[in-house]
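A structural walkthrough
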Amino acid sequence: MRRARRALVLQGGGALGAYQAGVFEVLAERPEQAAWVAGVSIGAINAALIVGNAPEHRVAKLREFWELVSSGPGQSLPHAAGPRALLNQWSAAASIVMGIPGFFTPRMSPALLLGGNAPLLSYYDTSPLKSTLERLVDFDRINSQEMRLSVGAVNVRTGNSVYFDNTRQKIGPEHIMASGALPPGFPPVHIDGDDYWDGGIVSNTPLQYVLDEHPRTEPLLVLQLDLFSARGPMPQTLAEVAARQKDIQYSSRTRMNTDVLAANVNLQQALAELLDRLPPHLRQEPALADLCTHMKHEPIDIVHLIYRNKPFEVDAKDYEFSRIAVHEHWEAGLRDMRTTFEHPEWLRADAQAGGVTTFDLAEPGHIRVTHPGS
């Protein structure tokens, strides 16, 4: 890969976020580190744990968080689809009934008997998460801007996507919690007179924000860790239908952002190259020179590393916090990132190319590369 500013983009996906932690464990071993980490929902929590700790402590803090919020034995269990699917469903049901340690607890209120008419805004109380973040994250370090941190949320009243960014405001636990406040499970988070919900309601990835904010005069390398796969087999059961629907729903915005951005940037780059061929006296016209400047982009490389479902995972996979599932997700991240680094030829790009090049690490040993203009 060419030399460029590095950004790590973390999608939302609940319990699947342990995959991102596994990937980061491998990244932490490399000399090249991301200068910018952006996340939504569980991706925002992982991002805060990374940016809010010294480099030598980041993996340990990620592991401490994921051990805290998971439960049960961590040993491998048989991977037969039937028994494991039942175990996962039971574990997910336990999370719904009892909550997750250090994350959220169920509200034991008579008002819940009123159902949709209850004078409550969520089924769970997320104050345990606030305590967890205050213990595991150094917010003074985040606000020192040693690394850039951006987390996405949604304004409840306007419906607009909002990003909290440590280059623009002081970040606290409430900003991270707002990014993961998925209704109706979790309550909105009140910040400076407004209320916010999970950023995944509008877009489950902060990719568009990173691309919009990055100056076009600098090359950029984005590693995007997706937790839902756009591609998958035809479902055979109702549980698989629900799981497939969730995959498509949460991955579609990612694909749209990447495809639209690549098409726009690559078109602008092509037009700028055509304008450069005009006679000098025309290129020096102020309006034309300004237009050409705003169309030129330094290269942007986007690498998608996508978590792939196991056969026994169904629609509850994003809120199935058993210890065994969390360990499996973490190990999958380790394996996929190590495999990628073992095959640098997968990520070769034409060093002379401008515009956007996307690398979709679809399956081990397979890659789809989209070059500018293709």
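Criteria and cut-off values
- Residues numbered from 1 in each chain as written.
- Predicted model: local features only at pLDDT ≥ 70, side-chain atom pairs only at ≥ 80, totals over all residues.
- Heavy atoms only, no water.
- Helix = DSSP H or I, 4+ residues; strand = E, 2+ residues; numbered from the N terminus.
- Core = buried A, V, L, I, M, F, W, Y, C linked by side-chain atoms within 4.5 Å.
- Buried < 20%, exposed > 50% of the residue type's maximum accessible area, 1.4 Å probe, protein only.
- Contact = heavy atoms within 4.5 Å.
- Phe/Tyr/Trp six-rings, centres within 6.5 Å; stacked < 30°, edge-to-face > 60°.
- Lys NZ or Arg CZ within 6 Å of the ring centre and 35° of its normal.
- UniProt positions renumbered as here; feature names shortened; annotations may be inferred.
- Polar contact = N/O pair within 3.5 Å; in protein donor to acceptor, adjacent residues only side chain to side chain.
- Salt bridge = Lys/Arg side-chain N within 4 Å of Asp/Glu carboxyl O.
- Axes fitted to C-alpha atoms, helices over the stretch in contact; angles between N-to-C directions.
- Parallel < 35°, antiparallel > 145°, perpendicular 65-115°, else oblique.
- Left-handed = near helix turned anticlockwise from the far one by under 90°.
- Nonpolar A, V, L, I, M, F, W, Y, C, P; charged D, E, K, R; others polar.
- Right-handed = clockwise from strand over helix to strand, strands pointing away.
- Pairing = 2+ DSSP bridges.

The name given to the chain in an unreviewed UniProt entry is Patatin-like phospholipase family protein, with Pigmentiphaga aceris as the source organism.

**Points about the environment of S127**
Its location among the elements puts S127 in helix α5 (residues 127–136). Sequence spacing of S127 and F103 is 24 residues, and the spatial spacing of their C-alpha atoms is 7.6 Å.

**Some remarks on the nonpolar core**
Formed by 66 residues in total, the largest nonpolar core has its most connected members in L8, I45, F65, W66, F103, I176 and L223. Among the elements that take part in this core, helix α2 (residues 42–51) stands out by supplying eight residues, more than any other. In contact with F103, not counting residues within four places along its chain, are I42, I45, V69, D125, T126, P128, L129, F186 and F321. Within the second largest apolar cluster, 18 residues are counted, among which are A38, Y209, L220 and L261.

**Quick word on the packing of aromatic side chains**
A ring pair, where both rings are aromatic, is described by two values, the distance of the centres and the angle of the planes. Within the structure shown, the criterion is met by 14 aromatic pairs. Judged by centre distance (6.5 Å) and plane angle (80 degrees), the ring pair of W36 and Y209 falls under edge-to-face. Here W36 is found in strand β2 (residues 36–40), whereas its partner Y209 is found in helix α8 (residues 207–213), with 173 residues between them in sequence. In this structure W36 comes out as buried when scored by relative accessible area, which is 1%. Residues W66 and F321 carry aromatic rings whose centres are separated by 6.5 Å and whose planes lie at 15 degrees to one another, so their mutual orientation is stacked. Pair noted here: W66 is in helix α3 (residues 58–69) and F321 is in the loop between β10 (300–306) and α12 (323–342), with a separation of 255 residues, a long-range link. W66 gets classed as buried once you look at its relative accessible area, which sits at 1%. Residue class for F321 comes out buried when judged on its relative accessible area of 4%. In this arrangement the basic side chain of R63 is found over the ring face of W330, its NZ or CZ atom lying 4.2 Å from the centre. The ring of W36 has R148 sitting right over it, with the charged end atom 4.0 Å from the ring centre.

**Topic: the UniProt feature "active site" (unreviewed entry) in the chain**
Under the present numbering, the feature "active site" (unreviewed entry) in UniProt falls on S41 and D198. Annotated residues spanning 158 residues; largest pairwise C-alpha distance 6.0 Å, indicating a single compact cluster. Once residues lying within four places of it in the same chain are set aside, the contact partners of S41 are G12, S179, G180 and D198. Here D198 lies in strand β8 (residues 194–198). Relative accessible area serves as the criterion here: at 3%, D198 is assigned to the buried category. The contact partners of D198, leaving out residues within four places of it in the chain, are V40, S41, A153, V154, A178, S179, G180, A181 and L182. Only 2.7 Å separates the side chain of D198 from the side chain of S41, close enough to count as a polar contact.

**Thoughts on the side chain of D247**
Tracing the sequence through the fold places D247 in helix α9 (residues 238–275). For D247, the side chain forms a polar contact with the side chain of K317, separated by 2.6 Å. Residues in contact with D247, not counting those within four places in the same chain, are F228, S229, N309 and K317.

**Here we look at the pattern of salt bridges**
What the rule picks out here adds up to 15 salt bridges. The salt bridge involving R148 is made with E213; its shortest N-O contact spans 3.3 Å. Of the two residues, R148 is situated in strand β5 (residues 148–155) and E213 in helix α8; the sequence distance between them amounts to 65 residues. Classification of R148 as buried rests on a relative accessible area of 13%. Look at E213 and you get partly exposed, because its relative accessible area is 26%.

**Observations regarding unusual backbone geometry**
Of note, the bond from P183 into P184 is cis; its omega dihedral lies within 30 degrees of zero at -5 degrees. Here P184 is to be found in the loop between α7 (173–179) and β7 (189–191). Phi at Q145 takes a positive value of approximately 65 degrees, unusual for a residue other than glycine. Take Q145: it is sitting in the loop between α6 (139–143) and β5. Phi at D192 is positive, roughly 50 degrees, even though this residue is not glycine. On the secondary structure map, D192 appears in the loop between β7 and β8.

**Things to note about the packing of helix α1 (residues 18–27) against α12**
Axis separation between α1 and α12 bottoms out at 6 Å; the angle between their running directions is 40 degrees. Accordingly, the angle class assigned to the pair α1 and α12 is oblique. Helix-helix and strand crossings are classified by hand; for α1 and α12 the assignment is right-handed. In this structure, α1 contributes A18, Y19, A21, G22, V23, E25, V26 and L27 to the contact, and α12 contributes V326, H329, W330, A332, G333, L334, D336, M337, R338 and F341. For the contact of α1 with α12, a count of residues per class yields 12 nonpolar, three polar and three charged.

**Some details on the pairing of β2**
A large share of β2 lies buried, amounting to five of its five residues. Both faces of β2 are covered, namely the face carrying W36, A38 and V40 and the face carrying V37 and G39. As a crossover connection, the stretch from strand β1 (residues 5–10) through α1 into β2 is right-handed. Inspection of the sheet shows β2 paired to β5 by five bridges, in the parallel sense. Bridge pairing in β5 places V37 opposite L149.

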